[in-house]
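Residue-level listing of the chains:
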Amino acid sequence: LALQQAEAVKRLLYETSNGLIGAELVPMTTSGDKLTTQRLIEAGGKGLFTKEIDRALEAGQIDIAVHSLKDVPSILTFGQDIFACLKREDPREGFISLKYTCLEDLPEGAVFGTASIRREAQSRYLRPDLNFVPFRGNVQTRLKKLEAGEAEATYLAMAGLTRLGLAHLAQPIDLAAMPPAPCQGIVAVAAIAQNLSPELITALAAINNKAAARAAAAERSFLRVLDGSCRTPIAAHLFQEAHAYRFFGEVIHPDGTHLWNTAIYSSTNADIQELEKMGERAAEDLLQQAGGALPQFEA
């Protein structure tokens, strides 16, 4: 999946620059990719998906980095900036099971596989009777675990499934029923400005999708205020409706016993700064609802 996303960026840069910008892909295995059973919070958090790539950028071994933005810490390291966001893919969660079509259909006590504390907390809120087991690995690995009977069901992001041509395997869940991780479905390009040529900066600006960039700005500002880490189940999504932007944010207690949410509205003429403030206001509202401190998962 990561290579497909990088290939998409390579192709877009070539096309929008009329063939002037070529790229060499440098495949990298991150610490996060190596996890097979542990949760991110037990091994170091979101930075595990970017640590090795961040070091390569700082050392000048690569010029740009391509990320699934939901896996990128809310504060970038080494003087990096986000230079482009690709058009957002389907941000919904996908329910996958060999026997059942939705969470409600699972029998009492069924085993559900997920390594995401957000997905687990949201599911516990709806189905406290289920048994949850850690499910890590890439898409193919998780599908094999289902086939091996390690769990009755799991969630996978529709964005990844769609990019791999596997969307037909999942039942999409409405965003209102299960809000996604902030920036889910957005592929972003990060870089250090001083290391880029003017031509590459221009090409990156040309492939930047404004709608995705606006959503990323709002959702990442929300995460920054909440000091969002892998220890707190956090969901968020910026909706662009007919006459307004609607920012929806949610925090769930890790055990699924409590859920706090909020919605903030703004004009469709809002600029990036206003959208960032929407995310900040939503985060401040949730902090107030939760008594000033967010509940955290304890390993």
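In the block above lies the structure referred to throughout.
Just so we're clear, the structure is a prediction, and the values are computed from it rather than from any experiment.

Participant: What am I meant to see in the pattern of salt bridges here?
Facilitator: Opposite charge on two side chains allows them to pair when their charged atoms are near. Counted under the stated rule, the structure contains nine salt bridges. Across the salt bridge formed by Arg118 and Glu93, the nearest N and O atoms sit 2.5 Å from each other. Taken together, the positions of Arg118 in helix H5 (residues 117–126) and Glu93 in strand S3 (residues 93–97) put the pair 25 residues apart, joining distant regions of the chain. Each member of the pair Arg118 and Glu93 is classed as buried. Across the salt bridge formed by Arg127 and Asp129, the nearest N and O atoms sit 2.7 Å from each other. On the basis of relative accessibility, which here comes to 12%, the residue Arg127 falls in the buried class.

Participant: Is there a simple way to think about empty space enclosed by the protein in this case?
Facilitator: The probe, sized like a water molecule, is rolled over the atoms to show the empty space still left. Counting across every chain of the model gives one cavity of 30 Å³ or more. Taken as a whole, the largest cavity spans an internal volume of roughly 50 Å³. If you go around the largest cavity, the residues you meet are Thr50, Asp54, His67, Val72, Pro73, Ile75, Leu76, Thr77 and Gln80. Classifying every residue of the lining of the largest cavity by side-chain character gives four nonpolar, four polar and one charged.

Participant: Which parts of the structure should I look at to understand the sheet that holds strand S6 (residues 153–157)?
Facilitator: Sheet strands pair via backbone hydrogen bonds, and the direction of the pair is either parallel or antiparallel. In spatial order, the strands read S5-S4-S6-S3-S7; together these five strands make up an open sheet with mixed pairing. Each edge of the open sheet carries a strand with a single partner, namely strand S5 (131–133) and strand S7 (171–172). Judged from the two bridges that link them, strand S4 (residues 111–113) and S6 form a sheet pairing that is parallel. Looking at the pairing, Phe112 lines up with Ala153 of S6. The strands touched by H5 within the sheet are S3, S5 and S6, with S6 carrying the most contacts at an inclination of about 130°.

Calculation criteria
- Residues numbered from 1 in each chain as written.
- Predicted model: local features only at pLDDT ≥ 70, side-chain atom pairs only at ≥ 80, totals over all residues.
- Heavy atoms only, no water.
- Salt bridge = Lys/Arg side-chain N within 4 Å of Asp/Glu carboxyl O.
- Helix = DSSP H or I, 4+ residues; strand = E, 2+ residues; numbered from the N terminus.
- Buried < 20%, exposed > 50% of the residue type's maximum accessible area, 1.4 Å probe, protein only.
- 1 Å grid on protein atoms, 1.4 Å probe; cavity = no way out; pocket = protein on both sides within 12 Å on 5 of 7 lines; lining within 4 Å.
- Points joined across faces, edges and corners; volume = space filled by probe spheres on them.
- Nonpolar A, V, L, I, M, F, W, Y, C, P; charged D, E, K, R; others polar.
- Pairing = 2+ DSSP bridges.
- Contact = heavy atoms within 4.5 Å.
- Axes fitted to C-alpha atoms, helices over the stretch in contact; angles between N-to-C directions.

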